[in-house]
Structures are given as structure tokens and as C-alpha cells.
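Topology and contacts: notes
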Amino acid sequence: MLSNMNNSKNIYLLHLAALTMVKNKRYAPPSAGESSETKEATRAPGQGLSQRVERAQQHGDGGRVHANTQYSQQGARGGGRYQDPIPHQPSNDPAKYQAHGCYGRGGPRQRGTPRPYHDGRRSGSGGRGVPTTTSVTLPELHQAPQVHHQVPVVTPSPPETCSSSLHVEVNTGQVQLQFQQLAIPDQSSSIQGMQLAPPSSKSGRFPMRPGKGTSGSRCIVKANHFSAELPDKDLHQYDVSISPDVPSCGVNRAVIGELVTLYRQSHLGGRLPAYDGRKSLYTAGPLPFTTRTFEIVLQDEEDRIGGAQVAQRYAILDIFVTCYSVCSLLIYLPVVRREKHFMVVIKFAARADLHHLAMFLAGKLPDAPQDAIQVLDIVLRELPTARYSPVARSFYSPNLGTRQQLGDGLESWRGFYQSIRPTQMGLSLNIDMSSTAFIEPLPVIDFVAQLLNRNVSIRPLSDADRVKIKKALRGVKVEVTHRGNMRRKYRIFGLTSQATRELTFPIDDHGTMKTVILYFQETYGFNIQHTTLPCLQVGNPQKPNYLPMEVCKIVEGQRYSKRLNDKQITALLKVTCQRPQQRELDILQTVNHNAYHEDPYAQEFGIRIDERLALVEARVLPPPRLKYHDSGREKDVLPRIGQWNMRNKKMVNGGRVNDWICINFSRNVPDSAATSFCRQLAEMCQISGMDFSIDPLFPPLTTRPENVERALRSRYQDAMNALKPLGRQLDLLIVVLPDNNGSLYGNIKRICETDLGLASQCCLTKHVYKRSPQYFANVALKINVKVGGRNTVLVDALSRRIPLVSDRPTIIFGADVSHPHPGEDSSPSIAAVVASQDWPEVTKYAGLVSAQTRRQELIQDLFKVWQDPQRGTVTGGMVKELLISFRRSTGQKPQRIIFYRDGVSEGQFYQVLLYELDAIRKACASLEPNYQPPVTFVVVQKRHHTRLFANNHNDQRSVDGKSGNILPGTVVDSKICHPTEFDFYLCSHAGIQGTSRPAHYHVLWDENKFTADGLQTLTNNLCYTYARCTRSVSVVPPAYYAHLAAFRARFYMEPDTSDGGSVASGVTTSRGPTGARRAAGNVAVKPLPDLKENVKRVMFYC
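Keep in mind that this is a model prediction, so the values were computed, not measured.

Counting secondary structure elements, the protein chain contains 26 helices and 45 strands. Across the 1102 residues in the protein chain, those meeting the buried criterion constitute 59%. Taking the contacts inside the protein chain whose residues are at least 6 apart along the sequence as the reference set, 75% of them involve residues at least 24 apart.

The subject of this paragraph is helix α5 (residues 249–263). One turn of an α-helix holds 3.6 residues; hence residues three or four places apart share an orientation. Taking 1.5 Å per residue as the helical rise, α5 with its 15 residues ought to reach 21 Å, and the 21 Å between its terminal C-alpha atoms agrees with that figure. Burial of α5 is extensive: 14 of the 15 residues sit out of reach of the surface.

It is the contact of helix α10 (residues 444–452) with helix α11 (residues 463–473), at a shortest axis distance of 11 Å, that shows an interaxial angle of 120°. Classified by the interaxial angle, the pair formed by α10 and α11 is oblique. When you trace α10 past α11, the crossing you get is right-handed. Facing Val444, Phe447, Val448, Leu451 and Leu452 of α10, the residues of α11 in contact are Asp465, Lys468, Ile469, Ala472 and Leu473. When the residues that make up the contact of α10 with α11 are grouped by side-chain class, the tally is eight nonpolar, no polar and two charged.

Among the five residues in strand β31 (residues 760–764), four count as buried, and that is most of the element. With five bridges joining them, strand β30 (residues 732–737) and β31 adopt parallel strand pairing. Considered in β31, the bridge of Val736 is made with Cys763. One crossover worth recording links β30 to the parallel β31 by way of helix α18 (residues 744–756), and it is right-handed.

Let us look at the sheet that holds strand β27 (residues 660–664). With respect to topology, four strands assemble into an open sheet ordered β29-β27-β30-β31, the strand pairing being parallel. The open sheet terminates on both sides in strands that have one partner only, identified here as β29 (701–702) and β31. Two elements, β27 and β30, share five bridges in a ladder whose sense is parallel. Across the sheet, Ile661 pairs through a bridge with Leu733, a residue of β30.

With that settled, the discussion passes to the sheet that holds strand β42 (residues 983–987). One open sheet holds the eleven strands; their spatial order is β35-β34-β33-β38-β39-β43-β42-β41-β23-β3-β40, and the pairing between them is mixed. Looking along the sheet, the strands with just one partner apiece sit at the ends: β35 (845–852) and β40 (948–950). Averaged over all adjacent pairs, the angle separating strand axes in this sheet is 30°, with direction ignored. Sheet analysis places strand β38 (residues 896–902) next to strand β39 (residues 935–941), joined by six bridges and oriented parallel. When the sheet's bridge partners are listed, Tyr900 is paired in β39 with Val938. In the packing of helix α22 (residues 878–890) onto the sheet, the strands contacted are β33 (810–818), β34 (829–836) and β35, and the crossing angle to β33 comes to about 145°. Where helix α24 (residues 1012–1022) meets the sheet, it contacts β23 (614–620), β33, β35, β38, β39, β41 (970–972), β42 and β43 (999–1006), and its direction lies at approximately 30° from that of β42.

Here we take up the nonpolar core. Counting residues in hydrophobic clusters, the biggest one holds 89 residues, and the most contacted among them are Trp660, Phe692, Tyr900, Tyr1001, Tyr1041 and Tyr1101. What Tyr1041 contacts, discounting residues up to four positions off in sequence, is Val834, Tyr845, Thr1025, Tyr1026, Ala1027, Met1099, Tyr1101 and Cys1102. In terms of nonpolar packing, the next biggest core, distinct from the first, is built from 57 residues, Leu281, Leu298, Leu354 and Ile378 among them.

Here the focus is α18. Among all positions in α18, only Leu744, Gly746, Ile748, Lys749, Ile751, Cys752, Glu753, Thr754 and Leu756 are buried. Looking at the buried positions of α18, the neighbouring elements they touch are α17 (708–723), β30, β31, α20 (773–786), α25 (1037–1049) and α26 (1093–1096). Immediately downstream of α18, the backbone of Gly757 shows phi near 70°, a positive value.

With that settled, consider unusual backbone geometry. Note the cis peptide between Ser243 and Pro244, where omega equals 0°. Summarising the element assignment, Pro244 is placed in the loop between β5 (235–243) and α5. A cis amide bond, omega 15°, links Trp839 with the succeeding residue Pro840. Within the secondary structure, Pro840 sits in the loop between β34 and β35. Of note in the backbone geometry, Ile641 takes a positive phi value of approximately 50° without being a glycine.

Here we come to the pattern of salt bridges. Across all of its chains, the model carries 43 salt bridges by this definition. Between Asp838 and Arg790 there is a salt bridge, and its shortest N-O distance comes to 2.9 Å. Pair noted here: Asp838 is in the loop between β34 and β35 and Arg790 is in the loop between α20 and β32 (793–794), with a separation of 48 residues, a long-range link. Residues Arg901 and Glu916 are paired through a salt bridge, measuring 2.8 Å at the closest nitrogen-oxygen approach. Residue Arg901 is found in strand β38, and its partner Glu916 is found in helix α23 (residues 909–927); the two are separated by 15 residues along the sequence. Per residue, the accessibility class of Arg901 equals that of Glu916, and both read buried. Each member of the salt-bridge network shares a partner with another, and the members are Arg403, Glu411 and Glu556.

Let us look at the packing of helix α16 (residues 671–687) against α20. To describe two helices that pack against each other, one gives the angle between their axes and the distance between the axes. Where α16 contacts α20, the two axes come as close as 9 Å, and the packing angle between them is 65°. Here α16 lies roughly perpendicular to α20, going by the angle between them. Here α16 runs over α20; the crossing is right-handed. Across from Phe677, Gln680, Leu681, Met684 and Cys685 in α16, the residues of α20 making contact are Pro773, Tyr775, Phe776, Ala777, Val779, Ala780 and Ile783. Of the residues in the contact of α16 with α20, the class split is eleven nonpolar, one polar and no charged.

In this section: the pairing of strand β13 (residues 410–423). Taking burial as the measure, the 14 residues of β13 include 14 buried ones, the bulk of the element. Bridge count between strand β12 (residues 404–407) and β13: three bridges; the pairing is antiparallel. Within the sheet, the bridge partner assigned to Gly407 lies in β13 and is Leu410. Hairpin geometry of β12 and β13 is characterised by an intervening segment of two residues between the two adjacent antiparallel strands and by a positive phi of about 60° at Asp408. In this structure, β13 lies alongside strand β14 (residues 426–439), joined through 14 bridges in antiparallel fashion. Residue pairing for β14: Arg414 is matched across the bridge by Ser435. Counting the residues that bridge the hairpin from β13 to β14 gives two residues.

Turning our eyes to something else, we now look at the environment of Val940. Mapped onto the fold, Val940 is located in strand β39. Residue class for Val940 comes out buried when judged on its relative accessible area of 0%. Distance in space between the C-alpha atoms of Val940 and Val904 is 7.5 Å, their sequence separation being 36 residues. In this structure Val940 touches Tyr900, Arg901, Asp902, Gly903, His1000, Tyr1001, Val1035, Val1036 and Ala1039, once residues within four positions along its chain are discounted.

This paragraph deals with the environment of Pro624. Relative to the helices and strands, Pro624 resides in the loop between β23 and β24 (626–627). Pro624 gets classed as buried once you look at its relative accessible area, which sits at 7%. Along the backbone, Pro624 and Leu638 are 14 residues apart, and their C-alpha atoms lie at a distance of 6.6 Å. Those residues in contact with Pro624, other than ones at most four positions away along the chain, are Val637, Leu638, Pro639, Leu794, Asn1021 and Tyr1024.

Here we come to the environment of Phe698. When you line up the elements, Phe698 lands in the loop between β28 (691–692) and β29. Each C-alpha atom of the pair Phe698 and Ile661 lies 6.0 Å from the other, and the pair is 37 residues apart in sequence. The residues touching Phe698, leaving out its near neighbours within four places in the chain, are Trp660, Ile661, Arg715, Asp718, Ala719 and Ala722.

Cut-off values and rules
Residues numbered from 1 in each chain as written. Predicted model: local features only at pLDDT ≥ 70, side-chain atom pairs only at ≥ 80, totals over all residues. Heavy atoms only, no water. Helix = DSSP H or I, 4+ residues; strand = E, 2+ residues; numbered from the N terminus. Buried < 20%, exposed > 50% of the residue type's maximum accessible area, 1.4 Å probe, protein only. Contact = heavy atoms within 4.5 Å. Expected span 1.5 Å × (residues − 1). Axes fitted to C-alpha atoms, helices over the stretch in contact; angles between N-to-C directions. Parallel < 35°, antiparallel > 145°, perpendicular 65-115°, else oblique. Left-handed = near helix turned anticlockwise from the far one by under 90°. Nonpolar A, V, L, I, M, F, W, Y, C, P; charged D, E, K, R; others polar. Pairing = 2+ DSSP bridges. Right-handed = clockwise from strand over helix to strand, strands pointing away. Core = buried A, V, L, I, M, F, W, Y, C linked by side-chain atoms within 4.5 Å. Salt bridge = Lys/Arg side-chain N within 4 Å of Asp/Glu carboxyl O.

Keep in mind these numbers describe shape, not what the thing actually does.
Given below as C-alpha cells:
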């Protein structure tokens, strides 16, 4: 009985929280590309006062003063219609929801039999069949006059998405056909005889696991996966249609929560459904109907009587009624509750087949039944969605840990990530700790003061200040504070160009104007203090409304989704950085706090979660032996715990730098310091094995950062004038930068790599004075590969002992796509592809970059065809160019391709593989008929939430004593991995701070037929060949290099000072069209500048 009472209480609290979220809006603010507020319909104009008052009565205007004094119609969607309500006094009736004044129950008729919905038309409705009772509100801010330069046009974006499981639908037949077209037969000894394979029924799936690995020393690790028992119930899916349509998950959940409360016992057969917040409802067993319509009434208690509606109700029809009179009436007027009517249609859609899921988990079916997994994931998300602020698959709350200030008005909230996954041990619930940035719930004035780091009353805002404030506040929701308990909420979209003291608005049809300052004095008795500050523009961008900053407070619970600055990133890392033992403890405490055994939804669906971390068999792969030059005292080295050093060693192939120059942009570094610093760096390059001239071509040039372009071009030209008669080229530019250099670094790289064709090495001022030998050694490593040298090579590569690499010419690709940060509206995505240019060493990687359509994950320029006026049909692309470069470098064409692809989510596996493998095939075929080397396509994932912990934190044989992390080389391919497919987790690096995150490798295509040991050992060994340091790295170097190259290419884009809009992309390889092209949506594509030929051949991105 007590358990049942607790369950009822939990269900009640869940529905209460769902309703509360409509008021609190504890969702993350939409990021760039998402709507900052739900869309409002165009406001209909009225002619006379009577029409305006009638329109305001019907549609419940938000209480804003409009420039044309018309009480405009709220849009049928989103924030205009479903305004966030104000707090109200709690009721003493426990049977009623008290969702902080959000949406309560409607009239008594709700408790009767649900009404059938006839034609969707009801008289007196507020648009789209939503009847509302009279609501009278007091204007609190004024509508801007129609001045064009004050009203920026903002293109509506898609509405904010709800947090629920991703479900990617794949047409199996189509996928199989496409796979058949890509497949090639088993390779014979002759590469020339290759033909595309005939159709095969087995081509529509990813490679099966070729057995489990056996190499390395065995050990036991713990993973943050918790076994989930598969329910023994029939899961049913129902389509949900709520009208009018509201793109707010919070409102949808409130509607369904009310429906369940009212009709669970009478019409739902006593079942407790799980709802995804959008279009799907799930039950453990059938409902007693196949389709049914319900009418639900929610109440919005926010609006008080005021403004023109007061005038109408009390027959105060004089258009010149004063605001003071209206305010006086407010004292005696009650709260008017505005009813919202919703028609909900629930219709049976399908059954989720748990038998197929069980067969898949047992390895007897190839494809995961995503619908069943999605249902279980939604069920387990119901309770935390109601308790916390959901952000994607994570949940945050200020009560889950101490808030930490990040600076500039931001704070960190603690939370946890949760996802159910199919694994070899059955269903697994993956739980991990998480932190993210939220906007501090400060008065806007205080937020601006923190943002600008000064008192905003001292001097007027500069143009740069205005841009910074507007960028930070765009999309932020605020509540007004000057109206007592009426805390109406609005979404900010901009700032006024004028100061508050200069703003006026018409108060009647005769053009009589009133200042904002006087309006607030007369209407609210509020004296605006910060009259030199601009007002906030809120509401509809086409008809902006103004609010003074000092009457606004930022609403709590808004995630900051824009890019953090370096200071904020550092502060957030300090919060999230946990040693493994502490992170493990926090995860266990989170699972215990979530109490899945008491979750009413988990109980309803029969899901049971084990509260113990999964124990997993693992192996620690041995490190590879690395070769250095024979002239050094140490000719090779065996790394220890993922690291080694350059003492007594020389680079295996030292580069040559005969002619170099130095430019100093730091005013804190005198010429003498720059000269001695450069000399020490040159000496270290010599000691490390490079042929490096000690003296520069010219003495260091000191200049100001704003002269960067003129200084670079002038100094380069001087050098070439001196060297060209001698038949020599300038080899290197060394640059001394200020520690805080803004865009200077990017400008230098852009000019050197796309204009001058010059390798460059930048050094910060702080290092000029520290002069650490370790720093000089690391910089020497970077310089060497930038001028074409090679730092180290795997001994097994030289001795031809790497399986499926050393036996025939093999090229290893790495590819990544870098997407713009949220808030960077004008930036395209950048694709980068690198490929090894030496065999059998596989150490040197040439790189190409290409800008492409914003947020496009598929690499569009792997292969391309275009028409040339002189040459006709021409083919090119990044893969083709890198294959040609390999042939030039090695004298052989690749007979095997290994392609490491970074940054692909599971939902994009099929799409990326089909598109990019096809591009690889076409690139090969364009070089030579029947040229189709076998391809292995491996996705590298770093943005997952699996963590591995030592089974015994005190066991020095399996733990890195410094950091407490598992040892580098730890690999897992059992229990928590895919039930049937070829994937593994590899922790190839030694963690320094925090808890190591293993990389997840998933093989999507394997014509080279790697064994588990073969691919795991190759991947781990390659991680020791990373050029920029003497440590093994966490991601296989080709993928790492592609990431660096994509990041570097962002500096090549010309800065766009526009406030919005988007720029699509172009191509930046040296072969192919460089003009603008058209992308999706007919947006002009803006190409990046080409890399110079001598830059592409070396590792310029290091």
C-alpha cells in the first residue's frame, strides 16, 4: 500500500513538473540556427478603437503598448499565444495542480466523458480553434515606430527540438541496393582485374565482428554502463495529434499530463503512458481503443485585467483615458484566468517488437529494432525530464551540484547524461556526469556590467559594446520586475539604436508622442535611472517592442549555447575535471539518487536497472618501438606509460631550413630578446637532427599587429629579392606574438598558407621569456614536419611487419568536418582530408581543406565532376588529388585504402558510408579503368559518454599512478560493445587531468578483412606517431590531423561583419572550380582561397 501511495505521489509530481516547465521554460535557449522564440503570426491591423478593443478581447494581447495603439493579435503558435505565466498563490486543494500559475485545470466539464471533436471551429476563438475567455492586461512597454533601420529582418528558424531519442529511419531495401553497388569482390593478387561485385544479399549491413582480440595483457575494468533488464510486456505506440499545433514540448507535456490525470482510470485502462513530447505516446499493453479524441482545457493564470480591456469592461470608451486611471482600476480587479482548449487525438500506430530486440541482442538478427529501443529510452527519460532541465540527452539542475561562476554572466550547472544502448551484455543504461553553462538569473543591468567588466553608468556604450551586448542577449528570455507579481516573460532579439531617453512612441491616432521615460513614470510610478542605455527589443522582430534594461531580469534555467571564451572554458574545465575515482563515485551516487527501482514509468513498463557498474574484460596492448636516427645516442625507444622524450635522440629524417626570417609583433619583446630566443630555437632544431641555419636571413623585424599584412608581404618580398638570384626559396617564418593576440594568429596563417606559400611557426611572448628546453624541443618537432621532415617511425613499419599495411602500398586517410560554433551565423562547415604520403612508414600526411554547406556532415568534395570550357568534363576532388600525390611521393599507386572518419554520429553511419565510399570509388575509377583498391572505412568517435575505470584503483599494474586512469593501450571489444558489429573502445593515451575518455572505433566497411587484433594494434601503434609531441594521443593521428586542418581553415575565411544570415561554401583544393556555386536553398557558395602547392605537400596544420 505504501509503495502504491509513493507511486501515485511520484506520478502526481511528474505531471506537476511537466506543467511547471511551461512556466519556467527550463529548456536550453535555442542555439544558432534554431528559433529564439516560437513564431508569431502577422498581427492584423484594426481601424477604430472598437475593433481594436474587440481584437484585444478575443486574442488576449500581451499587454504591450504598440506604436499604432492597436492591440495586436497574438500568433497562433508559441510565445505569442502561450505566454509564460506569473506566479500565483498556491491553492489549499491538494487535488488541483499548482504549477506555479502555469496551466491548471479547466472547468468541471473536463471530468466528464471526452467530447468528440467535430469540425475544429468554435465561435469566438483566438485563432486555430482555441477559444479564450476575456483577458485584460495593462500595457507595459511600447511598440517601436516603423523605422526601417531599427527593424532588422530576421529569418525564422526551425523551432526548438525536444529531447528524445533519435530514430533514424533507413529504407533497408534501398540501403542494400546501394551497398551492392559499392561492394567489390575479394582481392586477387592483381589489382588490375578488379570489377564491381554483383548484387549480394549480405551487402546491406556493417561488417560482423571477426572474433575478439587476444593481444595484450588481460585485466578487468569497470564501465559506466548499467545492465537493464528487458521488459516482458507488449509495447504499443500511438500517434498523438494536438490541435492547435504548439511547437513547445512543455505545453505538449502539460496537455498529455492533464489528459492522463483526468482519464487514466476511466479511458486509458489504468495505463501510465510515456510521451516523447511531440507526436508519439507509448504504453505497456494496449489501450482500450484504437483511436479516440479528447478535449483538454488548461488555464493560463498569468493575465490580469488591464489596458484597453479594462476600458471596454467598464465602458471607459474615451480614447484619451489616462494610464493613471487604468492603473487605479487595477487595484480592484481580479485575476482573469484564460482557458486554453486543446483537442487531442490518440490513434494506435504500431507494436514495438521486443522479441526482435531480444533476438538482436542475442546476435541472431543483424539490425537493431530502433523503435523498441526508442520506446525504452523515452520511458526512462520521463522522470528526469520532469525533474530537471533537459538538454539533448543530458539533464541539469542547480540542485545537482554547486553552481560555479564562469564569468561574463554565466554559471555552470551540474547534471548527468543518460542513454539506453544495445550491447553484448544486453540492454545497457549509459550514465555519465556532465556540466554545461547556463546564463545567471541576474538583472539585465548586472549581466551587462559583468559582460563589459565595468560600471555601465560611468560612460555611454560604444558601438563595440552594443554589438557584444546584442550578441550575448539575443534569444535570452527575461521577465519584467516593475509590475509586482506580474512577471511576464519575453524573448530578446535586439537592442534599440537610440538611448532610452531618446525613445518616443505615439499614444493615439493623431500622432501624439510620449517618451518611454514619461510613460513609465505615469503608468507604473517607475523612474528610469539608466537613461543613456538602449532598450531591449523583444517580441516580434517585424514590430519590435521596447523594454528598459533595468526593469528586466534574466529568467533562470537558460542554457548558454553560444561559444565560450577562453576564460569561461578554463573555468568550466575546472568544474568538470574529476579524477577517475571521484567521477566513478559521482556516477554511482547519481544512479542511486535517480532510484530507477522507484520510477513509476520504469515499473509500469517492467524495466529494471542494475545499480552496479558493469565489469568488463579488457586488454592492455603493448606500446610500439619507435625508430630515431642512427646518429643519435638512442636509435630507438620503447615508450613507457604512453610517453617518452627527445633526449639523446635525433629525428629520423630531419628537415632543412637554410633561409628563415623572424617578425616580432609583441611590444613587450625587445629586439635583443627576440634575437636570442630565435637563436636558442635554431640550436634546438640542430640538436634534434635538423639541418637548420643558426642565423636568420635578416635581423628580426619588430612591428605592430595592425600592420600584419604589410609587414608579412614586405619582409617576404625583401627575402625573395635576396634569394631568387641565388636560386633559393625562403624556408620558414618565425613569429613572436603577444599572449593575447586576437585575430593576429589567424591572419598570419591565412596570408602565409594561401598567399605567400610559406611555412610559419608562431611563439607567444610568455615562452620567449620562459625558454623551457621542453618547449623548444616541442616546437622543433612542429617545425620539422612543416618543412617536410619526419620525426619518428614505427620500427615495425620499417621492417615491414604491420599486417595489411606493409605487404603492399597502402594509403591511410583521415577525414573530419568542423561545424561552426553556435551563434556564428555566417560561417560554413569546413571539411578536411589528410592522407599518408610515405610507404611503408605511413608517417607524413598531406592535407586538403574545403568549405561546404553549413552543418553538412557529408564531405561534399571528396570527388567532383565539372564542365570546363576548354577541357570538357573534368574530374577532381580531395581523394583523387591525394591519391595522385601519393603516387608522386612514393612512385607507386595505393593498393589498399584505410579511411579513418572522425565526427560521425551513429544516426549518420549509413548516410556517410554510402555517400563517401561511393566518392572514394569514383575517385579511384577516374584515375584508371578498373582501379578499385579494397577499402576499410572506420568511424572514430570521441564525443561519447563511455568511461572506463580500474577495477582496483590501488593496483599499480593496471592504473597510471599519476592520474589514476587506466593504462594507455587499454582496449575493450566485449560486453559494452555492439552485439554483432566490429567495434571497440581504445584508450591509447595516458590521461593527464580528469578521467580519460577512450576513443570508439566502429568499422563500417572492411574489404581488407582485418582481424580484431590487426586493426586494434594498428590503430594503437599509429597513436604513437603523432608529430607534435612525444606522447601517444587519444585519437588515431590521421583523424587528429584532419581535425587540425579543418580548424586551421577557419582562419582562411574572410571575416563577415554582418549580424545574421548565412554563407554557404565552396571548394579550396587546387584542382577544380574555385568560383561560387549554388548550395541547398539556392544560397550562393563562397569558396575559400586555395592552399599553395608547396603548403599542401607538408603538414602545415601542425
